[in-house]
Amino acid sequence: MEPSAVLSIRGLSKRYSGRRGVQANDGIDLDVLAGQVVGLLGHNGAGKTTLVNQVVGLVRPDAGSIRLDGIDAVADPDGARRLASIQAQANVPITGLTPRTAIQLVGRIRGGSRREVAARTQGLIETLDIGSWADMPSQKISGGIARLTAFCMTAVVPGRIVVLDEPTNDVDPVRRRLLWDAIRTLADDGAGVLLVTHNVREAERVVDHLVILDQGKVIAADTPAGLAASTRGVLTVELDLVPSLGGGLGWPPGVTGTTRERLRAAGTVPAELAADVVRWAQAQVDAGAVERYALTAASLEDVYVRLVGSDRAPVAADAELAVVA
Amino acid sequence: MTAVRQGLLLLQWQLRRGSTVMPLLVVVQIGMAVATVVGYGLLVGDPTPDVALYLATGAPTITLITVGLVMTPQMLGQAKTEGSLDWMRTLPVPRWTFLASDLLMWTLIALPGMVLGVVAGVLRFDVQLSIAPWLVAAALLVSLTSASVGYAMASVLPPMLAMLLTQVLVFVVLLFSPVSYPASRMPEWLQHAHEYLPIEPMAQVVRAGLANADFSVPGRSVVVLCVWCVASVGAALAALRRRA
């Protein structure tokens, strides 16, 4: 165990009994160090939420240990809760309160002084640009703002470990970026962050370490660069086709694994052929067969899909187009 | 000290969250308390002074019991369904603090109805009360016990079943319990059952607290009530601590 691990999980197993018993967690090992954002990826039902619920003492593990800043979270769930703050997957109903009052009340319940909490609340509201809704009755706010409010309620007085279960759901793209920055800041300020998400492409930018769960087991754990290592030297070419294009594309030599949808085509290119492919693609644009093209490094999402199987792919975020030519 | 502060903040959270329905709840409670007095009055016609005293001192107990046994499980069931209970359980608040703040809230909600029930009884039947100094403590004990029975019920049972049970319980409390009439009118087996249930002792402590000159509490009732109180608070606490 690393000396500065704020969360250290070893051999964690949980089986839900019932007619169709489910092995939700099966011998999971996981560490989150102070100052680190650890991404926990996995398809629906991979066991992510079960893992989170065991950390905060809502679910009791069958086997294994959870240590939270030195405290045995299985034997002392009350102690563990004092060190953890969690944003649950479901939104917290705050009807009757405004986002600001909800954030401040939770901050004070978490032990912050009135003044500190008020200042920190204002800071978070500004960071996430939700000021126009902060003092509105929560019945009138949208799902995305409710989600951001729930994040603020978790971050206002963060624990040593902050657990975020799908924090970006329902949040608009602009504020998602602000949220990712806020998550990064939480870790930079010293907390360990365990981030459960489907949003692989966006999470890639802020996580230090990734753990991929499948059917209750850790099937991969590494840095984003480490996980992507297997795809180094391979690029993806993506083309947006003009609607009127009738026949085939005539891919240049070296492009493999090509796919074609109605207005989109993609293929895999070895890095050394990148320049040739860009020349070819530009010629296609000039000829009026292609509207635009992009060459991107294989993303973590591609790695993820390969690991857990494409039939259980996460909801893909819009591909970021990074032209390298 | 931290725990007390947290408890009060939680209470504030719950009351503010319920700010849209709470006033309505209190109004319904008051209406219920007054209706019990007036309604029973209609049932029995022109009551003799001792029957009237029985009715007037039974109504507040009915209010306290219905809040605890009916409203508490309904609200807790809703919190369970909408997910706020699980979220609140992740807060760094000791379970007993959490329970205490919730039970305190239910007591606060029940209080106005209880007081106005007494006032309505006095006005309607023109009875003479003699209030004991320990009435507040007795009311708190009754409120605490019925709210924790309701809490434990909603924690242990599936929400749907808990809801149904609350409906049955209202009926039992209103008609088949020696709260607004003496136990001697009930069949013997029911009298016997009520010796072990908390309802009759609840009625007795409130009644003796309100009309101390006319009624007293048997020691056995105090014991039965205390046993129920400790057991139900324990059960509610265990349910909150339970991990799946």
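Residues numbered from 1 in each chain as written. Chains lettered and ligands numbered in written order. Predicted model: local features only at pLDDT ≥ 70, side-chain atom pairs only at ≥ 80, totals over all residues.

Novice: What's the story with the overall build of chain A in this structure? I'm lost.
Specialist: When helices and strands are counted, chain A shows ten helices and 14 strands. Each of the three principal axes of chain A carries a C-alpha extent, and together these read 65 × 45 × 40 Å. Split into buried and exposed, the 325 residues of chain A put 45% on the buried side. Here the contacts in chain A between residues at least 6 apart in sequence split such that 70% fall between residues at least 24 apart. (Helix = DSSP H or I, 4+ residues; strand = E, 2+ residues; numbered from the N terminus. Buried ≥ 20, exposed ≤ 12 C-beta atoms within 10 Å, placed from the backbone. Contact = placed C-beta atoms within 7 Å.)

Novice: What am I meant to see in the overall build of chain B here?
Specialist: Summing up its helical and strand segments, chain B has ten helices and zero strands in all. The linear arrangement of helices and strands in chain B, starting from the amino end, is α-α-α-α-α-α-α-α-α-α. Against the compact-globule benchmark of 18 Å for 244 residues, chain B has a radius of gyration of 18 Å, which places it among compact chains. Its C-alpha atoms give chain B principal-axis dimensions of about 55 × 35 × 35 Å. Expressed as a percentage of its 244 residues, the buried residues of chain B come to 46%. Of all intrachain contacts in chain B linking residues separated by at least 6 positions in sequence, the fraction that spans at least 24 positions is 83%. (Rg over C-alpha atoms; globule rule 2.2 N^0.38 Å.)

Novice: Help me out: how do you make sense of the packing of helix α2 (residues 22–44) of chain B against helix α3 (residues 49–82) of chain B in this one?
Specialist: Two quantities define a packed helix pair, namely the angle between the axes and the distance from one axis to the other. Residue and element names in this part refer to chain B. Axis separation between α2 and α3 bottoms out at 9 Å; the angle between their running directions is 145°. Where α2 crosses over α3, the handedness of that crossing is right-handed. Between α2 and α3, the residues in contact are L25, Q29, M32, A33, T36, V37, Y40, G41 and V44 and V51, L55, A56, A59, P60, I62, T63, T66, V67 and M71, respectively. A class-by-class count of the residues in the contact of α2 with α3 yields 14 nonpolar, five polar and no charged. (Axes fitted to C-alpha atoms, helices over the stretch in contact; angles between N-to-C directions. Left-handed = near helix turned anticlockwise from the far one by under 90°. Nonpolar A, V, L, I, M, F, W, Y, C, P; charged D, E, K, R; others polar.)

Novice: Would you take a moment to explain the interface of chain A and chain B for this structure?
Specialist: Across the contact, 23 residues belong to chain A and 24 residues belong to chain B. Broken down by secondary-structure element, the contributors of at least two residues to the side of chain A that touches chain B are α2 (77–83) and α3 (99–109) of chain A. Tallying contributions element by element places α3 of chain A first for the side of chain A that touches chain B, with four residues. For the side of chain A that touches chain B, a count of residues per class yields twelve nonpolar, five polar and six charged.

Novice: How do you make sense of the confidence of the model for chain A when you look at a structure like this?
Specialist: Low pLDDT means the predicted coordinates in that region are not meant to be read closely. All names here are of chain A. On average, residues of chain A carry a pLDDT of 86, and 94% of them reach 70 or more. Mean pLDDT in chain A bottoms out at helix α10 (residues 300–308), which sits at 77, and peaks at helix α4 (residues 114–127), which reaches 95. A low-confidence stretch, residues 312–325 stays under pLDDT 50, and its non-local contacts, those more than four residues away or across chains, total 23 contacts. (pLDDT = per-residue confidence, 0-100.)

Novice: Help me understand the environment of Y54 of chain B, please; the structure alone is not making it clear to me.
Specialist: All names here are of chain B. Inspection of the secondary structure puts Y54 in helix α3. Overall, the presence of 26 C-beta atoms within 10 Å leaves Y54 in the buried class. For the pair formed by Y54 and T97, sequence separation is 43 residues and the distance between their alpha carbons is 37 Å. Setting aside its immediate chain neighbours within four residues, Y54 contacts S180, Y181 and P182.

Novice: Looking at this model, I keep getting lost on the domain arrangement of chain A. Mind explaining?
Specialist: The accessible area lost on association of the parts is a frequent measure of interface size. Residues and elements named next belong to chain A. By domain assignment, chain A separates into domain 1 (5–222) and domain 2 (229–312). Relative placement of domain 1 and domain 2: their C-alpha centres are 36 Å apart. Of the residues lining the interface, nine residues belong to domain 1; the matching set on domain 2 comes to seven residues. Those elements that provide at least two residues to the side of domain 1 that touches domain 2 are α7 (200–203), β9 (209–214) and β10 (217–222). (Domains from an automatic or database assignment.)

Novice: Teacher, can you tell me more about the sheet that holds strand β12 (residues 256–260) of chain A here?
Specialist: Within a sheet, each strand pairs with its neighbour through backbone hydrogen bonds, oriented either parallel or antiparallel. All names here are of chain A. If you walk across this open sheet you meet the four strands as β12-β13-β11-β14, and the pairing is antiparallel. Both edges of this open sheet fall to β12 and β14 (290–297), since each of them pairs with a single strand only. Neighbour to neighbour, the strand axes of the sheet diverge by 15° on average, direction disregarded. Here strand β11 (residues 234–241) pairs with strand β13 (residues 264–270) via seven bridges, running antiparallel. Each bridged residue has a counterpart across the sheet, and for T236 the counterpart in β13 is T268. Strand contacts of helix α9 (residues 274–287): β11, β13 and β14, with the helix running at about 165° to β14, the strand carrying the most contacts. (Pairing = 2+ DSSP bridges.)

Novice: Where do I start with the nonpolar core in this structure?
Specialist: The tendency in soluble globular proteins is for nonpolar side chains to be buried as a group. Residues and elements named next belong to chain A. In this structure, I161, I183, V193 and L195 are the most contacted members of the largest nonpolar core, which totals 152 residues. Summarising the domain contributions, this core has at least three residues from each of domain 1 (5–222) and domain 2 (229–312). When sequence neighbours within four positions are dropped, the list of residues in contact with V193 reads V37, V38, V162, L164, I183, L186 and A187. Residues L235, V269, Y293 and A294 belong to the second largest nonpolar core, which totals twelve residues. (Core = buried A, V, L, I, M, F, W, Y, C linked by C-beta atoms within 7 Å.)

Novice: Please explain helix α10 (residues 219–241) of chain B as it appears in this structure.
Specialist: One full turn of an α-helix is made of 3.6 residues, so residues set three or four places apart face in the same direction. Spanning 23 residues, α10 of chain B covers 33 Å between terminal C-alpha atoms, matching the ideal 33 Å at 1.5 Å per step. For α10 of chain B, the complete set of buried residues consists of V224, L225, W228, S232, V233 and A236 of chain B. (Expected span 1.5 Å × (residues − 1).)

Novice: What should I look at first to understand the sheet that holds strand β6 (residues 84–87) of chain A in this one?
Specialist: Residue and element names in this part refer to chain A. Read from one edge of the open sheet, six strands run β6-β7-β8-β3-β9-β10, paired in mixed fashion. Edge positions in the open sheet fall to β6 and β10, since each of these has one partner strand only. Going across the sheet, the axis of each strand differs from the next one's by a mean of 15°, ignoring polarity. Inspection of the sheet shows strand β7 (residues 161–165) paired to strand β8 (residues 192–196) by five bridges, in the parallel sense. For L164, the partnering residue across the bridge sits in β8 and is L195. Along the sheet face, helix α5 (residues 143–155) touches β6 and β7 and points at about 180° away from the line of β6. Taken strand by strand, helix α6 (residues 173–188) contacts β3 (37–41), β7 and β8, and its axis lies near 150° from that of β8.

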